[in-house]
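These are the residues of each chain, in order.
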Amino acid sequence: MNRKLNAANENGPENHIDDADNATPFVDPDTDNAAMMADAGPCPVQPLGHNDGRYYFVTPSGQLRDLAAKSLGNRQEVTSLMEKQARWCVRAFPKLNKESEVVGPDIARIGEWLMMQCADKGIFSPDKVRGLGVWKDIRGGLIVHSGDKLMLSSGAKAVDAGQKLDDGWVYPAQPPLPPALRPALLEPAKADEMRVVHEHLQSWNFLTRSGPAICLGVMGLICICGALDRRPTLWLIGDAGVGKTELLTLLTQPVGGLEHTLRSSDASAAFVRAALKGAARPVFLDEMEPGPRASAAMELARLGFSSDQAGVGRASADQKAILQRIVAQFIFGSILHPEPKPQDQSRIHFVELAPLSADAAAVEAFTARSRLIRDIGPRIWARMILGYGRFLENMLVYQGVLAQSNYSRRLTDKFAPVLAARETLLHDTVIDAATAADQISDWGLEKPESNDTEADECLNHLLSCQVDTWRGGDRPTIGQLIAKVIEDMGSNADLYDEGKRMADQILPAYGLRLARADGRPGGPFDVLQVANKHTTLVKLFRDTRWQSGVHRQALSRLEGAVVGGPRRFAGSNTRYVQLPLDLMLDQDQSGGSA
């Protein structure tokens, strides 16, 4: 030890570090403690590494622990870390009294040895931790984390939880799933049994033909949500008594029913993030009526949609960065739902339900099927896990068919996983493209949804704003005003002067100007120019997501939009976005003006 310190010392022959060497607790495991450590056996704690003054370990029971350096010199902390195997400390690092009798473990030496072991492992990323659920492995199979055990390669091998696997992720032990609720990988459900589930779904009164297919597909996605690249959200809507809770119960039977999922009727987004604890699991939030809480939950589901979205970043009280990954299959229920933003429309399946049948025979059959499905729930979970390879092939087929139907990439990501999961549960073979195309037609999905884009919504907001024409208290919307100018100046000579006044005075006062696309003065007008910066126009976008000039970015994405300028708008000289009038006028209104 002295030789090593001398080699590192650059202060010359007067080596005060060397003089104090007999008092230092630093350990060289190659020389100081080798014999005793060999007799003690391997350390029961698995060092993972260190990061920013914290040291990370897996305890003998498989739990993840992180400790500060000073805590590793605390006897209670070290004993807690070793759990039932604290006697290893005495055997490997005994503390002797003057009579060379063992009086306990040498905690200081243990702590420093553990720190050096972590240093040897390198920098550890606390974000690389996975909890309960089903995850992808690097060999093309799935890892099933059931709390105390990890089933690798889709069940081909089992190891204890608390491992750092070849993929670089740590899978710490967590409260285990009861044996009866784990996926029955040795006895997966058969296709005939899945047809009973499909028949049972017809009991609900869906208002769209695609409703049962989407719900059965979401049942499959729940089973493997941690392994998915895209996780579309399901939002069930309908009046009280339409069976939303019963449908939620059915969809969760593979993973043990509603009581074994993260479910709440009054949960904040922060609660959901904290409750997940790194797990991949379904999240069911009921009573999500329009309001701030539902809007926040919708944003959370947006983060959980894609595996390549990092999650929610926060700073702790000591200014440490914390990243909370959102890996969950979200299902919401409400009577009404908040109006989704364009980016949410392409991530969420809104499925509306009408009241259930009250026929006594139907109710009896419903109850019997419900009991059967509850009993085979773990086998349904196993069928989806073992069919993961078939699911990926089915998804490729649906992606191709949807692309041929002019679905955008985002809409394909919304529908393909759901339809592929449904097909994987129902059939033992991969679907062919012709059958998939027929299905999509039967469900009314042959044409993609027509959702407003961010640019569409911005333009609609602008056209629906009321303005003052300073004539008789009249307050038309901007859309009405533009249509009136075109009509008055184009076909009615008696109203030409009034139309010209509105075109030359009223519209520019709001940062708007009618013009010709070729730049020539006068009519006929065929474009609307919207100022980038204008005080009155700013007021029209106040308290919207297009305020502070953001409207320019949105409007410039409209088809046919052109950036131009500068030019004057009632005294303000600014650049503008030029939009074709065809975007905002009916065909019979866009005939031009004189």
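Our subject is the structure listed above.
Presented here is an overview of the structure given in this document. Just so it is clear, the model here is predicted, and its values are computed rather than measured.

Scoring rules and cut-offs
- Residues numbered from 1 in each chain as written.
- Predicted model: local features only at pLDDT ≥ 70, side-chain atom pairs only at ≥ 80, totals over all residues.
- Heavy atoms only, no water.
- Phe/Tyr/Trp six-rings, centres within 6.5 Å; stacked < 30°, edge-to-face > 60°.
- Buried < 20%, exposed > 50% of the residue type's maximum accessible area, 1.4 Å probe, protein only.
- Lys NZ or Arg CZ within 6 Å of the ring centre and 35° of its normal.
- Helix = DSSP H or I, 4+ residues; strand = E, 2+ residues; numbered from the N terminus.
- Contact = heavy atoms within 4.5 Å.
- Polar contact = N/O pair within 3.5 Å; in protein donor to acceptor, adjacent residues only side chain to side chain.
- Core = buried A, V, L, I, M, F, W, Y, C linked by side-chain atoms within 4.5 Å.
- Salt bridge = Lys/Arg side-chain N within 4 Å of Asp/Glu carboxyl O.
- Pairing = 2+ DSSP bridges.
- Axes fitted to C-alpha atoms, helices over the stretch in contact; angles between N-to-C directions.

1. Focus on the packing of aromatic side chains
The description of an aromatic ring pair uses the distance of the two centres, along with the angle that the planes make with each other.
Stage number 1. Per the counting criterion, the structure on display carries 11 aromatic pairs.
Stage number 2. Between phenylalanine 330 and phenylalanine 332 the ring centres are 5.9 Å apart and the planes differ by 50 degrees, which places this aromatic pair in the tilted class.
Stage number 3. Phenylalanine 332 sits in the buried class, given a relative accessible area of 0%.
Stage number 4. When the ring of tyrosine 407 is compared with that of phenylalanine 415, the centres are 5.7 Å apart and the planes differ by 85 degrees; the resulting orientation is edge-to-face.
Stage number 5. Using a relative accessible area of 2% as the deciding quantity, one classes phenylalanine 415 as buried.
Stage number 6. Members of the aromatic cluster, connected to one another through ring pairs, are Trp235, Phe330, Phe332 and Phe350.
Stage number 7. Against the face of tryptophan 169 rests arginine 130, its NZ or CZ located 4.1 Å from the ring centre.

2. Some points on the environment of serine 556
Stage number 1. Mapped onto the elements of the fold, serine 556 is located in the loop between α22 (551–555) and β22 (562–569).
Stage number 2. For serine 556, a relative accessible area of 30% gives the class partly exposed.
Stage number 3. For the pair serine 556 and valine 530, spaced 26 residues apart in sequence, the C-alpha separation works out to 10.0 Å.
Stage number 4. Those residues in contact with serine 556 that sit more than four places away from it in its chain are Ala561 and Val577.
Stage number 5. Reaching out from serine 556, the side chain makes a polar contact with the backbone oxygen of glutamine 553 at a distance of 2.8 Å.

3. Topic: the nonpolar core
Stage number 1. Counting 78 residues, the largest nonpolar core has Cys215, Ile224, Leu234, Leu247, Ile380 and Phe391 as the members making the most contacts within it.
Stage number 2. Setting aside anything within four residues of it in sequence, one finds cysteine 215 in contact with Leu201, Phe206, Leu234, Leu236, Leu247, Leu251 and Val351.
Stage number 3. Ranked by size, the runner-up nonpolar core spans 40 residues in total, among them Leu459, Val467, Ala509 and Ala531.

4. Notes on the pattern of salt bridges
Stage number 1. This structure, assessed with the given rule, holds 19 salt bridges.
Stage number 2. Residue glutamate 77 is joined to arginine 65 by a salt bridge in which the shortest nitrogen-to-oxygen separation is 3.4 Å. Note that glutamate 77 is positioned in helix α4 (residues 75–82) and arginine 65 in strand β3 (residues 64–68), a separation of 12 residues in sequence.
Stage number 3. Beyond isolated ion pairs, a larger network of salt bridges with shared partners links Glu454, Glu457 and Arg545.

5. As for the sheet that holds β3
Stage number 1. Read across the sheet, 3 strands follow the order β1-β2-β3 without closing on themselves; strand pairing throughout is antiparallel. The two strands at the open ends of the sheet, each matched to only one other strand, are β1 (46–51) and β3. Neighbouring strand axes in the sheet, compared pairwise and without regard to direction, differ in orientation by 25 degrees on average.
Stage number 2. Two elements, strand β2 (residues 54–58) and β3, share 5 bridges in a ladder whose sense is antiparallel. Counted as the bridge partner of valine 58 is leucine 64 from β3.
Stage number 3. Helix-sheet contacts for α4 involve β2 and β3, and the interaxial angle to β3 is about 165 degrees.
Stage number 4. Against the sheet, helix α6 (residues 107–121) engages β1 and β2, with an angle of about 75 degrees to β1.

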